[in-house]
Amino acid sequence: MIFQYRTLLGKCELGVGLEWDEIEAITDIETAFSPGPEEKLRRFRRESVKLRALLRGDRINDAVEVVELGPGGLVVRNAPYVARGEQVEIVVDQGDKSYRFSARGAWLKDDGDDYRVGLAFEGMPVCLHKVEVSSRESGEYNLVHQIAAAA
């Protein structure tokens, strides 16, 4: 849902425009994530989740845990230091798809040895479909598998 929302919002930012069903989808998602009365200053409510992700940036390439997710951004735990305004990429792999979101550091709090970081989404996300050309189970090894096996 978040990927769909960010993609549709990206189309608007590019000036492509939306079809009627896309406008309805954006409205439905914004309604589903509307903040409660206790969250008056927030544009969107964040949902508690438990996802593994990869946080990538300048000298950053760390596995993190996504603990909150909404249309405007997310919160990660076990994260490295991310400065306010620093641009990063969040990579979430789900099955044969890899979702990639661009974000900027919004806030940072100590969380034991690591940090709890709030990230604000920006731009349009990308979804990559992972395809394996040859299967290791079938015994057919391509050149990449042979190189990895030799190492």
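No experiment lies behind these values; they were computed from the predicted model shown.

A. Expanded view of helix H1 (residues 2–14). With 13 residues, H1 extends 18 Å between its outermost C-alpha atoms, agreeing within 8% with the 18 Å of an ideal straight helix rising 1.5 Å per residue. Along H1, the residues that are buried comprise Ile2, Tyr5, Arg6, Leu8 and Gly10. Close packing links the buried residues of H1 with helix H2 (20–32), strand S2 (60–70), strand S5 (97–111) and strand S6 (114–129). Of the residues flanking the end of H1, it is Gly15, one or two places downstream, whose phi is positive at about 85°.

B. Summary view of the pattern of salt bridges. Using the criterion set out here, one finds 9 salt bridges in the structure. One continuous salt-bridge network, built from bridges that share partners, spans Arg46, Glu68 and Arg116.

C. Just a nonpolar patch on the surface, in detail. Together, Leu14, Val16 and Met124 line one region of the surface with nonpolar side chains, adding up to about 310 Å² of accessible area. Assignment of secondary structure puts Val16 in the loop between H1 and H2. Taking relative accessible area as the criterion, Val16 reaches 58% and is therefore assigned exposed.

D. Broad picture of H2. The end-to-end C-alpha distance of H2 is 18 Å, a good match for the 18 Å that 13 residues give at a rise of 1.5 Å each. Three or more residues of H2 are buried, namely Glu22, Ala25, Ile26 and Ile29. Here the buried residues of H2 occupy an arc of 100° about the axis, which is enough to place them on one side. What points out from H2, more than 90 degrees from its buried face, is the exposed set Trp20, Asp21, Glu24 and Thr31. Against H1 lie the buried residues of H2.

E. View of the sheet that holds strand S4 (residues 87–94). Overall, antiparallel pairing links the 6 strands, which are arranged S1-S2-S3-S6-S5-S4 in a closed barrel. Direction aside, the axes of adjacent strands within the sheet are offset by 45° on average. Of the strand pairs in this sheet, S5 and S6 are connected by 13 bridges, and their pairing is antiparallel. Pairing of Lys109 across the sheet is with Arg116, part of S6. Against the sheet, H1 engages S2, S5 and S6, with an angle of about 70° to S6.

Definitions and limits used
Residues numbered from 1 in each chain as written. Predicted model: local features only at pLDDT ≥ 70, side-chain atom pairs only at ≥ 80, totals over all residues. Heavy atoms only, no water. Helix = DSSP H or I, 4+ residues; strand = E, 2+ residues; numbered from the N terminus. Expected span 1.5 Å × (residues − 1). Buried < 20%, exposed > 50% of the residue type's maximum accessible area, 1.4 Å probe, protein only. Contact = heavy atoms within 4.5 Å. Salt bridge = Lys/Arg side-chain N within 4 Å of Asp/Glu carboxyl O. Patch = residues over 30% accessible without salt bridge, like charges linked within 9 Å, V, L, I, M, F, W, Y side chains within 5 Å. Areas by Shrake-Rupley, 256 points an atom, 1.4 Å probe, with all protein chains shown as cover. Arc of directions from axis to C-beta. Pairing = 2+ DSSP bridges. Axes fitted to C-alpha atoms, helices over the stretch in contact; angles between N-to-C directions.

Everything listed is a geometric property; what it means functionally is a separate question.
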